[in-house]
Amino acid sequence: MKKQFSIGLAVLVSAVLFLTLPRSLRAQADCLSCHGTPGMADSSGNSISVDADKFHASIHGSLKCADCHTNVKGYPHPANAAVVDCSTCHADEASGLAGSVHAKASEHPCLSCHGDPHQIVPKTDPQSRVYPLNIPKTCGACHANAALAKQHGLANVYGLYMDSIHGFAVSKEGLLVAANCTSCHGSHGILSHTNPKSPTYRTNIPGTCGKCHVGINEQYQAGIHGKAVAAGNPNAPVCTDCHTAHAILEPASSEFRMQSTPVCGSCHKDKLSTYRDTFHSQLGLLGGYVQTARCWDCHEAHDIMPASDPSSPINKANLVKTCGQCHAGANASFVQYQPHANARNRRLNPALYYIRLFMNLLLASVLTFFLIHTILWLIRSHLARTKDGAANGGNHV
Amino acid sequence: MSDATEAVQAPEQGEAASVAAPVPARPERWFLRFTLAQRYLHAVLFTTFLVLAATGLMLRFSGSAWAIRTAALLGGFGAILFFHKFCALLLTLAFLIHVRDIAARGLFKREKGIFWGPTSMVANWKDAKDLFHHFRWFLGLGPKPKFERYAYWEKFDYWAVFWGMVVIGFSGYAMWFAPFFARFMPGWALNAVLIIHSEEGLLAILFIFAIHFVNTHLRPDSFPMDMVIFTGRESEEEFKNRRPREYERMMAEGRSATRITDAPPKWLINFSRVVGFTAILIGLTLLVLALSAYFVG
């Protein structure tokens, strides 16, 4: 009787426990009784050990092992567990991945970025490998590898990004809203920049950058370049043409100011050449005076308008104000200065053309005359000293 | 090597400290050619000119690698412009002092020979003849002309610098104070002044470093340097041979006593050599850089 009661109590306790504990934990507990052993490895030496605490803390901690390891039905189980198919649950991500540049990646496509499958935490968790501040490092695991980049014909951009204004914002300032890799490229469905659907496809770039830089994008779209892109001109510049894609500098920085006039000049060749003739350029090239006028200081950077537009800073009506930004006291006469004058062009700038011609003729004639004079003098002096022996004062200096 | 240079070198070679000792047979007489004020003027002129030339060339050829590297070394454009403007002010001051001096001597003290005559800097008919005769001598077709106090190429040097300072100075200040000058100059003139400043500056640089250096210092009769602008003195032999007409006139007028002076002290000769050779070396370096930037790019 007593023994029967004891057995009955045990069964009851077991039943209560059995019913109150979550099913998954029971299943995990079964698996973890073996796989919870630290350092457990299969015959090939691969770790088949699971850290129970970390797994329970992970986003998948409430699942049973068999939910993912679908060919494990009981014990003993098959020697080789099937490759886990994440798409069973994550169908959208999987379909994006399947159409992406990573579709053929040899590594497990999910784990390369998300890490240890038993320790995956939500992307809002700073521990997550896809937490915004951790993404550059996660992508960099492959994309900072020069050999890999070369093998796949990719630019090795990780270093450029890390030194950029976005990279600094992420790595140094921990700014969550700063652009990381996925902000521009997307995450699962990353497409090549040659694919018209890609956010990094040339004509999509203003929209991509404009997700964050809304105000600048509005100015750009209103400007002559934005309109040209919208009208289908593939040569009109988009954000990355001036700012680059990865090595983006702070636009007010000396470095950016020093290197960016040739960028405008790569299309506006004649304007760069005439700019080079001016004091603005001479000052700029020698450094130190980074604040001297660069293209965008007069023309604006994003809402560039033709001079004929009344809102353009280089419209005649606005010149005093525009030049006056640097030249205090600029007046109507002062702004007749031509920042792109071409003294080599008689038709456009006749006065300057003839002044330059006169100066060049003066220079050439004076130098030619005296060069002949000096050379003859040298020859004669030499002869006088060698032949005539100190005649004509040769011996007296 | 000349008599004069030998004479001043002699004390260095000899044991004795006495200057007159080595050539007792013919005691050397020395004549003053340039006053201390004139020598100072030339010193200010060439030191500021070297700095203006160096900094100006960096601007003119701001695209060339040497200009960018040197400018960076000196502290970028800010430093370049500071040195350029600083020396421009000094040179302007020297120029104004000179003009004031000439005006005072010529107009108020009524000193003879400032604006006309054999000792004037103003060109005359003899200069035209000297130029012609000099060319004739170059070709071996006649005797060497007898030069006066200032030979025609020296007058050209003087007026080239005079004109250059007016033109380069005005165009420089027009750029420096552009908004002010724009009050009474049309806007396109601001474009013109850069061209004028740049071309006239290049002409000055090429002329001084290629022509003046050779004519005055590096030609065989002066090589390696004519020290008179530093010491102010020249020996009688030198005087007689270089400017025979002036020497004859001085002797005929019996004024030689007023011009006789002591031999240049050894320290002054050594100091002048160091300064002079440094200036010539810097000038020739700038000449090479300017020409290479002009023709090579």
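Small disclaimer: the values here were computed from a predicted structure and weren't measured.

Draft legend 1. Broad picture of the overall build of chain B. When you go through chain B residue by residue, the secondary structure sums to 13 helices and three strands. Dimensions of chain B along its principal axes, counting C-alpha atoms only, are 65 × 45 × 40 Å. Looking at chain B residue by residue over its 297 residues, the buried ones come to 33%. In chain B, of all internal contacts separated by at least 6 residues, the share reaching a separation of at least 24 is 71%.

Draft legend 2. Examining the overall build of chain A more closely. A count of helices and strands for chain A gives 22 helices and zero strands. For chain A, the spread of C-alpha atoms along the three principal axes comes to 150 × 65 × 35 Å. With 397 residues in all, chain A has 23% of them scored as buried.

Draft legend 3. Quick look at the sheet that holds strand β3 (residues 260–261) of chain B. All names here are of chain B. As summarised here, the arrangement of the three strands in space is β2-β1-β3, forming an open sheet in which the pairing is antiparallel. In the strand order of this sheet, the two ends are held by β2 (233–235) and β3, each with one partner. Pairing analysis gives two bridges linking strand β1 (residues 30–32) to β3, with the strands arranged antiparallel. Bridging across to β3, W30 finds its partner in T261.

Draft legend 4. Seen up close, the interface of chain A and chain B. Contacts between the two partners involve 47 residues from chain A, matched on the other side by 54 residues from chain B. The element contributing the most residues to the side of chain A that touches chain B is helix α22 (residues 350–386) of chain A, with 19 residues. Looking at side-chain class alone, the side of chain A that touches chain B contains 25 nonpolar, 18 polar and four charged residues.

Draft legend 5. Seen up close, the packing of helix α2 (residues 36–60) of chain B against helix α13 (residues 266–295) of chain B. Residue and element names in this part refer to chain B. Running from amino to carboxyl end, α2 crosses α13 at an angle of 25 degrees, the nearest separation of the two axes being 11 Å. Put simply, α2 runs roughly parallel to α13. Pair α2 / α13 crosses with left-handed handedness. Residues F46, L50, A53, A54 and L57 of α2 lie in contact with α13, whose contacting residues are A279, I282, G283, L286, L289 and A290. For the contact of α2 with α13, the class distribution of residues is ten nonpolar, one polar and no charged.

Draft legend 6. How the structure looks around the nonpolar core. Of all hydrophobic cores here, the largest spans 32 residues; its most connected members are L286(A), L57(B), M58(B), I205(B) and L206(B). Elements represented by at least two residues in this core include exactly α19 (279–285) of chain A together with α2, α3 (65–74), α4 (76–108), α6 (152–176) and α8 (187–218) of chain B. Counting residues per element, this core draws most heavily on α8(B), at nine residues. Sequence-distant contacts of L57(B), that is, excluding residues within four places in its chain, are made with I205(B), L286(B), L289(B) and A290(B). Core analysis: the next-biggest nonpolar cluster, separate from the first, contains 21 residues, C323(A), A330(A), I355(A) and I196(B) among them.

Draft legend 7. The arrangement of the packing of α2(B) against α8(B) in detail. Residues and elements named next belong to chain B. As a packed pair, α2 and α8 sit with axes 10 Å apart at the nearest point and diverge in direction by 125 degrees. The angle between the axes of α2 and α8 places the two elements in the oblique class. The element α2 and its partner α8 pack so that their crossing is left-handed. For the pair α2 and α8, contact is made by F49, A53, G56, L57 and R60 and by S198, G201, L202, I205 and I208, respectively.

Draft legend 8. Molecular detail of unusual backbone geometry. The residue after F223(B), namely P224(B), is reached through a cis peptide bond having omega 0 degrees. Tracing the backbone shows P224(B) in the loop between α8 and α9 (228–231). Phi at T244(A) takes a positive value of approximately 65 degrees, unusual for a residue other than glycine. For T244(A), the position within the fold is in the loop between α15 (239–243) and α16 (254–259). The phi angle at R110(B) is positive, at roughly 55 degrees, despite the residue not being glycine. Turning to its location among the elements, R110(B) is positioned in the loop between α4 and α5 (125–138). The exposure class of R110(B) is exposed, given the 8 C-beta atoms found within 10 Å.

Draft legend 9. Focus on the confidence of the model for chain A. Of the residues in chain A, 91% have a pLDDT of 70 or more, and the chain-wide mean is 85. Within the model, the stretch residues 390–397 of chain A combines pLDDT values under 50 with 27 contacts to residues more than four positions away or in other chains.

Draft legend 10. Representation of the confidence of the model for chain B. Residue and element names in this part refer to chain B. Of all residues in chain B, 91% have pLDDT values of 70 or greater, and the mean over the chain is 88. For chain B, per-element mean pLDDT is lowest for helix α1 (residues 3–13), which scores 38, and highest for α5, which scores 96. In this model residues 1–21 is a low-confidence stretch, pLDDT under 50, and it forms 25 contacts with partners more than four residues away in sequence or in other chains. In the predicted assembly, ipTM is 0.87 and pTM is 0.75.

Draft legend 11. The arrangement of the environment of R380(A) in detail. Mapped onto the fold, R380(A) is located in helix α22. For R380(A), the contacting residues outside a window of four places in its chain are W137(B) and F138(B).

Draft legend 12. Structural context of the environment of M58(B). If you trace the backbone, M58(B) turns up in helix α2. Through-space distance from the C-alpha of M58(B) to that of R69(B) is 9.6 Å; in sequence the pair is eleven residues apart. Apart from residues lying up to four places away in sequence, M58(B) is in contact with L286(A), A67(B), T70(B), A71(B) and I80(B).

Cut-off values and rules
Counting starts from 1 at the beginning of each chain's written sequence and moves along it residue by residue. Labels follow written order: the first chain is A, the first ligand is 1, and so on. For a predicted model such as this one, the threshold for reporting local features is a pLDDT of at least 70, and the threshold for listing and counting side-chain atom pairs is 80 or more; totals across whole chains, interfaces and linings nevertheless cover every residue. Starting at the N terminus, helices and strands are each numbered in turn, a helix being any DSSP run of H or I of at least four residues and a strand any DSSP run of E of at least two. Residue burial is a threshold on neighbouring C-beta atoms within 10 Å of the residue's own C-beta, all placed from the backbone, with 20 or more meaning buried, 12 or fewer meaning exposed, and counts in between meaning partly exposed. Remark: residues whose backbone-derived C-beta atoms lie within 7 Å of one another are considered to be in contact. For two strands to be treated as a pair, DSSP must find at least two bridges joining them. Throughout, the ten residues Ala, Val, Leu, Ile, Met, Phe, Trp, Tyr, Cys and Pro are labelled nonpolar, Asp, Glu, Lys and Arg are labelled charged, and all others, Gly among them, are labelled polar. Between N-to-C directions, angles cover 0 to 180 degrees, with each direction set by a line fitted to C-alpha atoms, over the stretch in contact for helices. When describing relative orientation, an angle under 35 degrees is termed roughly parallel and one over 145 degrees roughly antiparallel, while 65 to 115 degrees is termed roughly perpendicular and anything else oblique. By convention, the crossing between two helices is left-handed when the near helix turns anticlockwise from the far helix through less than a right angle, and right-handed when the turn is clockwise. Joined through C-beta atoms within 7 Å, a set of buried Ala, Val, Leu, Ile, Met, Phe, Trp, Tyr and Cys residues constitutes a nonpolar core. Confidence scores per residue from the predictor, reported as pLDDT, run from 0 to 100.

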